[in-house]
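Report on the structure
Each chain is listed here by its residues.
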Amino acid sequence: MATKKKTDQDLQLDKDQLKASIVRHLRSTLGTSEQKASPEAWWKATAAAVNEQVYERLTRTQQTHFKKDTRAIHYLSAEFLMGRLTSNNLHNLSLYKICEEALGELGLELTDLCEQEPDMALGNGGLGRLAACFIDSLATLNYPAVGYGIHYEHGLFRQEIQDGRQIERPDTWREYGNPWEICRPESVQEIPLYGYVETVFGDNGGLKKVWHAGRKIKGVPWDIPVVGFGGHTVNILRLWESRASEFFDWDVFNAGGYVDSQAEKAQAETISKVLYPNDETDAGKELRLIQQYFFCACSIKDIMRRYKRAHGSDFSNFAAQIAIQLNDTHPTVAIPELMRVLVDEEDLTWEAAWAICYRVFSYTNHTLLPEALEKWSVSLFEKVLPRHLEIIYEINAQFLNKLVEPKWPGDDAIKAKLSIIEEGAVRKVRMGNLCVIGSSKVNGVAEIHSKLVKEDLFPEFAALWPEKMCNVTNGVTPRRWLLACNPELAELYNEVVGKEWPLQLDKLRAVTQFADDKSFQQQFMRIKRHNKEKLVKVIKAETGIDVSAEAIFDIQIKRLHEYKRQQLNLIHIMALYRRLLANPDYDMHPRVFIFGSKAAPGYKLAKDIIYAINKLAERVNNDARIQGKLKVVFMPNYRVSLAEKLIPAADVSEQISTAGYEASGTGNMKMALNGAITIGTLDGANIEIAEEAGAENCAIFGLNVDEVKALKARGYNPYDFYYANSELKAVLDWFDTDYFTPGRPGELSSIKRSLLEGGDPYLTLADFASYSDAHKLIDTWYRDPALWAKKAIINSATMGKFNSDRSIQDYVERIWNLKACDIG
Ligand code: BZD
């Protein structure tokens, strides 16, 4: 019997219903009682009550998409940095307030329960968080979309700080179960690996390739519902978990090989066991290639299954129905995999398959760093994915013969550069080149970055296909990054511009008319002050350090990397400390420098920088001579849920990468949206932030992209800056003493070495003086409260462009050609 489709109104709960549902789940789902329940049980009961709402809407969305046979985007990403979902889902279902009240009547605080939730840290940094913001926006804008990724058992390591040093501990986000995920055994896939390729005669007498796999791995899907703001569309994030194909190999067991059958199981489960913690460096390990293939192959099979359910084996509509976005090169192997499925399994001709394939895929580039551009050795490919290597060779041959040779006849140098295969002592597969050749669109993530992708990274590809290259500037979801994390500012904005801003962030621009209004400035700064006071408590609880909310909160939160230049911030703080020691009356407003950052476990210098920050913090924070004017805080275990506490409390946002190296940045957008003033270089999205807010409302410093290139071309010598600036020299020489590591001189010397003997590849010393001047400007501005408030308000009010809904709309118009689907 057909049931009548429920409308949003039918579904909406009131406080008493939600309260009853929570209590019911506490008893019947969690098996406990109001008297005995732990905070964790209350959190899970709340999630279960919310899930009743989520599942109804999920089913309704899926039925509608199926009935309307909608074109959908499939976002393939090795990382989704989701953070916590409880408060986000409550906000998006318009249940936050009533849930707060319902729990209040039960004697509980919603914010405390939310703290029970572990972060879903299935990503390293910006790239993974971008994927999370994008699936939020896709659901919010009612676009049919599926996110595909890996169900890592352990996400990014938990960082502990012991005696100033980073220690990595395993992340155990689902040790005690996670209420937001649903296992879907009915959609399990099986994936081949290893083995060999045989050429046989096909049914039509032609030759056919058959891949005889050496092993098969089971892919088990876990679905995370993705609730759009307003609760109309609920899409899914489908994450694949690896298992042994046969849970228990009885043949091996009976032959006396119990240990082997267990080893096989362990090997299979290893694939989705842990997220690689390397951002921006290519590890090149076999397991990583297998991870990539595993989730891509499972996803392509899943996409095929859904397509065939509606269209059978007629692939003429495939490219019209299916769009696949590759989030960086990590899922590139999906391209040869789709070719393999279409040619070997579905018996399409190569030409027919290729015509579909490149139309389906698009590729987003997130970095220009050479060490981050993925390359796999041909021999590894041959061992793990022998058929895919053949397919890659064929794609390459066709590309070089049909496109490169006619355009650049006889030019072997260009052929060598554009080839998917890099020749040399170790032959390699260049995943970036494969992505560009196998995609219909290639985009960078901010204007300047897309320009550099076109002009410096892939100039010949751009000459071949000028229309292929485009830009989509990144964005962040204003639901998580303002509405949920900064409730007081959100409420003020509701009062001033109405409640539409979480969807139409441009509406905040109306707030600029109050930027000079004394009473509005006071309200705005009172909220900032309150957020800072809340952070003061978190800092005390996490680090034991006392800081005052009176001080300027100056925050740098991002992965630790030389190009992001935490070392520039560090040496500037040391310079300030010297100034204060030399002159206790040195005129500056008290400042707290706050860092949050994880280093890749094998990145020695990055870990040394963390150590130096912590040692500097110990010395500075306990030095009575400077009268509390300077404090340094390193917050351990930086993650999404911590970012949600830091960002609303930021006065100053540190965005200080060497120009040309930070593709976009997204923390820069989040902090400005919450009223922080950017101290930054003209890099990535900083340029567009300064355009929106007005350059006079940011503290821009340092060399720009052209100046960086010119200085490098001239031959940069860091010693020129070292000897020319006595303060800089004194600071660098300090690293060789035991001032910060009493009795252990030289413990911090690696940083000085990297900046002098190491050649300072990221031009830290070249930008030091200009950075120091920009900080003086910040100090002057802050000491004029009306001026500061005005700048902070304008920054927050002009960030409308950086709504991830706008990014998604750009993808839809420039790349995906999707239609929104009314769920009704
Ligand atoms: O992607 C980041 C860039 O560095 C930022 O500038 C940009 O804003 C974001 C989003 O576009 N890149 C990453 O975060 N990269 C990784 O995390 C990563 C992970 C694994 C391997 C290589 C890179």
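Here is what the cut-offs are and how they apply
All residue numbers refer to position in the chain's written sequence, counted from 1. With pLDDT at 70 or above as the cut-off, local features in this predicted model cover only qualifying residues; side-chain atom pairs require 80 or more to be listed or tallied, and sums for whole chains, interfaces and linings still use all residues. Hydrogens and waters are ignored; side-chain quantities use all the structure's heavy atoms. UniProt positions are given in the numbering used here, feature names are shortened, and annotations may be inferred rather than shown by experiment. Put simply, DSSP H or I for four residues or longer makes a helix, DSSP E for two residues or longer makes a strand, and each gets a number counted from the N terminus. As defined in this context, the radius of gyration uses C-alpha atoms, and a globule is described by 2.2 Å times the residue total to the power 0.38. Only protein chains enter the calculation, and the probe is 1.4 Å; a residue is then buried if its accessible area is under 20% of its type maximum, exposed if over 50%, and partly exposed in between. Note on contacts: a residue pair qualifies if any of its non-hydrogen atoms lie within 4.5 Å across the two residues. The protein chains shown are the only cover counted for residues, whose accessible areas, like all others here, come from Shrake-Rupley with a 1.4 Å probe. Within 6.5 Å between ring centres, the rings of Phe, Tyr and Trp (the latter by its six-membered ring) count as paired, and their orientation is classed by plane angle as stacked under 30 degrees, edge-to-face over 60, tilted in between. A ring is considered to have a charge above it if a Lys NZ or an Arg CZ atom is located within 6 Å of its centre and within 35 degrees of its normal. Counted as a polar contact is a pair of N or O atoms within 3.5 Å, where, for protein atoms, one must be capable of donating a hydrogen and the other of accepting one, and residues adjacent in sequence contribute only when both atoms are in side chains. What makes two strands pair is DSSP finding at least two bridges between them. Axis angles are defined between N-to-C directions and span 0 to 180 degrees, where every axis is a line fitted to C-alpha atoms and, for a helix, only to the segment in contact.

Going by what an unreviewed UniProt entry lists, the protein chain is known as Alpha-1,4 glucan phosphorylase and is assigned to Aeromonas lusitana. Per its UniProt entry, the protein chain bears the Sequence similarities (unreviewed entry) comment "Belongs to the glycogen phosphorylase family." Here the protein chain is described in UniProt, under the heading Cofactor (unreviewed entry), as follows: "pyridoxal 5'-phosphate".

1. Comments concerning the overall build of the protein chain
Helix and strand content of the protein chain: 34 helices and 25 strands. At 27 Å, the protein chain has a C-alpha radius of gyration in line with the 28 Å of a compact globule built from 824 residues. Out of the 824 residues in the protein chain, the part that is buried amounts to 61%. In the protein chain, of all internal contacts separated by at least 6 residues, the share reaching a separation of at least 24 is 77%. Accessible surface computed for the protein chain: about 31100 Å², of which carbon and sulfur atoms make up 51%.

2. With respect to unusual backbone geometry
Within the chain, Asp328 stands out as a residue other than glycine whose phi angle is a positive 70°. Phi is positive for Leu763, which is not a glycine, with a value near 55°. Within the secondary structure layout, Leu763 lies in the loop between α31 (749-755) and α32 (764-782). Exposure remark for Leu763: the relative accessible area of 1% places this residue in the buried category.

3. Remarks on the packing of aromatic side chains
If you walk through the whole model with that rule in mind, you get 30 aromatic pairs. A ring pair is formed by Tyr75 and Phe80, whose centres lie 6.5 Å apart and whose planes are at 65°; its orientation type is edge-to-face. On the basis of relative accessible area, Tyr75 is assigned to the buried category, the value being 1%. Grouping aromatic residues by their ring pairs yields a cluster made of Tyr75, Phe80, Phe134, Tyr811 and Trp816. It is Arg578 that lies over the ring of Trp734; its NZ or CZ is 4.7 Å from the centre.

4. Focus: the side chain of Ser750
In this fold, Ser750 is placed in helix α31. Within polar-contact distance, the side chain of Ser750 engages the side chain of Asp608 at 2.7 Å. Ignoring any residue separated from it by four or fewer positions in sequence, one finds Ser750 in contact with Leu605 and Asp608.

5. Quick word on the sheet that holds strand β24 (residues 677-680)
With respect to topology, six strands assemble into an open sheet ordered β22-β21-β20-β23-β24-β25, the strand pairing being parallel. Each edge of the sheet is formed by a strand with only one pairing partner; in this case those strands are β22 (630-635) and β25 (699-700). Most of the contacts of helix α22 (residues 518-543) go to β22, to which it runs at about 65°, and overall it touches β20 (552-557), β21 (591-596) and β22.

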